[in-house]
Amino acid sequence: MKAMILAAGRGERMRPLTDHTPKPLLTAAGKALIEYNIENLVAAGFTELIINIAHLGDQIKYYCGDGTRWNASIIYSDEGETALETAGGIAKALPLLGDQPFLVLNADIVCNYPLADLRKRDIDLAHLVMINNPPHHPEGDFAINAKGLLSDQEPNKLTFSGIGVYHPQLFYDIPAAPLKLKPVLNRAIQQQRISGEKFSGLWMDIGTPERLQRLADMVTDGEFNNRPALA
């Protein structure tokens, strides 16, 4: 199974840090955010990686190269200076991702979710990993119903973690143009074609300088183990 790391965003909430450095290359405890994810993916058996880039993307290409230092293969989907948002970016990368289900995760999250589990997951159009609502997103996104399917019509909504497995069919009619992921998910959820699971382990969205420092402190203090035990 191939994996895609979403690394094209500008990181507005991280300014001025992201004025000259792309958000995925911001460091915590001496390691770039994207490197935490690459190491995590390779440890879970994902070695064919696609990274989408836009703002200051050449820096990401220079830093990550072809992936050989992680025993991986990395290719890039270049969106130019203006990012295409999540759905548009995935649609543009489809020729690189192939015709089988693939994993997608955000470059600015770190977690100890066992990614290897997703390589064995049977899906319809998508399977999303959900988490308890963090303070910065208290309203949540979707609920998981009794059948294990996502719903936007039930209470007790959870937050999408930024980790999901997708069938390329979900994006077949999506143009390679700016488009967020939620409208695409909503359509498939109405068709009851997206499953979900709740993850209660360690997960962080590094969306602000304060959270970046918190991650650095956790790593330095030994509180954060980014590499999960493989399933």
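Residues numbered from 1 in each chain as written. Predicted model: local features only at pLDDT ≥ 70, side-chain atom pairs only at ≥ 80, totals over all residues. Heavy atoms only, no water.

(A) Expanded view of the overall build of the protein chain. Check the secondary structure of the protein chain and you find five helices and 13 strands. Compactness check: the protein chain gives a C-alpha radius of gyration of 17 Å against a globular reference of 17 Å for 231 residues, within 12% of the reference. Pairs at least 24 residues apart make up 74% of the contacts formed inside the protein chain by residues separated by at least 6 positions. Side chains of the protein chain carry 22 positive and 27 negative charges; the gap between the two charge centres is 2 Å. (Helix = DSSP H or I, 4+ residues; strand = E, 2+ residues; numbered from the N terminus. Rg over C-alpha atoms; globule rule 2.2 N^0.38 Å. Contact = heavy atoms within 4.5 Å. Lys, Arg positive; Asp, Glu negative; His and termini not counted. Charge placed at Lys NZ, Arg CZ, Asp CG, Glu CD.)

(B) Structural context of unusual backbone geometry. Not every positive phi belongs to a glycine, and Asn71 is a case in point at roughly 60 degrees. Relative to the elements of secondary structure, Asn71 occurs in the loop between α2 (57–64) and β5 (73–78). Classification of Asn71 as exposed rests on a relative accessible area of 65%. For Asn156, which is not a glycine, the phi torsion comes out positive at approximately 60 degrees. Tracing the backbone shows Asn156 in the loop between β10 (150–151) and β11 (159–166). Residue Asn156 is classed as exposed on the basis of its relative accessible area of 69%. (Buried < 20%, exposed > 50% of the residue type's maximum accessible area, 1.4 Å probe, protein only.)

(C) Quick peek at the confidence of the model for the protein chain. Put simply, the protein chain has an average pLDDT of 91, and 97% of its residues get 70 or more. Contacts of residues 226–231 to residues separated by more than four positions or lying in other chains number 19 contacts, the stretch itself having pLDDT below 50. (pLDDT = per-residue confidence, 0-100.)

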